[in-house]
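Here are the chains, one letter per residue:
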Amino acid sequence: MRWHARARRALALFLVLSWTPRAIYASSPITGFGIVKVETSTGTFVDSITGDIVRARGTNVYSLRYDQAGGESSRARVVSILNAISDLKLDVVRTWAFMDGDAEDYDGRSMQPSEGEFIEKNFIALDELLALCAERRIRLILTLTNYWDDYGGIQQYVEWARASGEYDVYRREDFFTSPRCRASFERFIQAIVLRRNTIDNMLYRDHPAIFSYQLINEPRVAGDAQGNVFHDWVSYFSSFIKRTEGSRHLVSVGTEGFFLSPSGGVAFNPFSGAERQGVDMNRLQDVMDVDYVTVHCWVDDWMDSDDESKYRFMQTWVRAHLDQSSSKPVVLEEFGKHRPLDVRDRFFRRVYELLREDGRNAARSGSLFWLFVPNEIEDYDGFSVYSSDA
């Protein structure tokens, strides 16, 4: 899902006016809270210490690290949001663990304002966020870059590569084949996964509040009907993370879930041309170092039709991924629906029903709705979910 600068500025303005936190962060690791693994025989997420099932029922709050890097009021609001998530018994939150470039509206909170320049105080904000989550037994999916321009994304890496003399790099899709982009992204990954948390003194490789590292949000390679470029990139970087941190955490990709092969599900795609976006759900789930399948569902963005048609498509889309997935878990990690609330509530209820209909699917699936926001923030596109809606 794209995040617009207007909404980000609205959120930042509100955070300046926010109130005091209930708590700041735990000073020591939480016992009985382990790194998540996949039980291979069932495809179930489990806590590696307790053996308890991790439901992976949660939400997206992409701006948490950015907000934590702000002033006192901003950090207080992060605590308030996490407390609300904990009160709702949600256990996984997906958020952006990157901000690249030095745009004016980043407000000095970029993690990498220029290529290879890592701003320690803004990495400390991620340390604080992990400690806050561990205290509440919330786990984070840390997304590492973005296909879209929001927060910099892969277009920023392409611009850096071209500025350095790699003159055949133009399109954002060149990120996936550029040697310079590959080297730069490797350095950023190492800066994250090899880090020691300055708050609780835990190495990131040992941190239980990290549910998974996610390579990229909503990747595409426009015009590619084969999928080889992105498949090779995923194979390389999923393995790179595993090698770098010793295969401690799960790795995911962040795909929308398109199918490329006519025999493998193209008929289920949401729009004509999705089969030429270079990302094939069936091939990616077979990459050894990718631990679970990700799917997004954006009927209001993908389809120009009435709500009943969108509702029927959603059911077909979710079922297709559950049916065609291998033994790996399937996480519907972004789904949303425009208001009115009764339409959205029906849509959400059916998503959760579909994930529970079959006992095997219930055990090996997860769901993260988009987007949990403070009550006072403008619902700029109709997708925002407020704590008062729950």
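Higher on the page you've got the structure.
Notes on the structure in this doc start here. None of the values given here were measured: they were computed from a predicted structure.

Rules of the game
- Residues numbered from 1 in each chain as written.
- Predicted model: local features only at pLDDT ≥ 70, side-chain atom pairs only at ≥ 80, totals over all residues.
- Heavy atoms only, no water.
- Pairing = 2+ DSSP bridges.
- Helix = DSSP H or I, 4+ residues; strand = E, 2+ residues; numbered from the N terminus.
- Axes fitted to C-alpha atoms, helices over the stretch in contact; angles between N-to-C directions.
- Contact = heavy atoms within 4.5 Å.
- Core = buried A, V, L, I, M, F, W, Y, C linked by side-chain atoms within 4.5 Å.
- Buried < 20%, exposed > 50% of the residue type's maximum accessible area, 1.4 Å probe, protein only.
- Phe/Tyr/Trp six-rings, centres within 6.5 Å; stacked < 30°, edge-to-face > 60°.
- Lys NZ or Arg CZ within 6 Å of the ring centre and 35° of its normal.

## A short note on the sheet that holds strand β6 (residues 210-214)
Inference 1: Taken in spatial order, the 8 strands of this open sheet run β7-β6-β5-β4-β3-β10-β9-β8, and their pairing is parallel. The open sheet terminates on both sides in strands that have one partner only, identified here as β7 (250-252) and β8 (293-297). Direction aside, the axes of adjacent strands within the sheet are offset by 25 degrees on average.
Inference 2: The sheet contact formed by strand β4 (residues 92-96) and strand β5 (residues 139-143) spans 5 bridges and is parallel. Across the sheet, residue Trp96 finds its bridge partner in β5, namely Thr143.
Inference 3: Taken strand by strand, helix α4 (residues 120-135) contacts β4, β5 and β6, and its axis lies near 150 degrees from that of β5.

## Describing the nonpolar core
Inference 1: Among the nonpolar cores identified, the biggest contains 99 residues, and Phe230 and Trp233 are the most heavily contacted of them.
Inference 2: With 7 residues, α4 is the largest single contributor of residues to this core.
Inference 3: For Phe230, the contacting residues outside a window of four places in its chain are Phe176, Ile216, Pro219, Val221, Val253, Thr255, Gly278, Val279 and Leu284.

## Side note on the packing of aromatic side chains
The description of two aromatic rings rests on the distance between their centres and on the angle between their planes.
Inference 1: Under the defined criterion, the tally for this structure stands at 44 aromatic pairs.
Inference 2: Aromatic pair Tyr66 and Tyr151: ring centres 6.2 Å apart, planes at 50 degrees, arrangement tilted. In this pair, Tyr66 is assigned in helix α2 (residues 64-68) and Tyr151 in the loop between β5 and α5 (153-163), connecting sequence segments 85 residues apart.
Inference 3: When its relative accessible area of 2% is taken as the criterion, Tyr151 is described as buried.
Inference 4: One aromatic cluster is present, built from ring pairs that chain together Tyr157, Trp160, Phe175, Phe176, Phe185, Phe230, Trp233, Tyr236, Phe237 and Phe240.
Inference 5: The ring of Tyr147 has Arg172 sitting right over it, with the charged end atom 5.2 Å from the ring centre.

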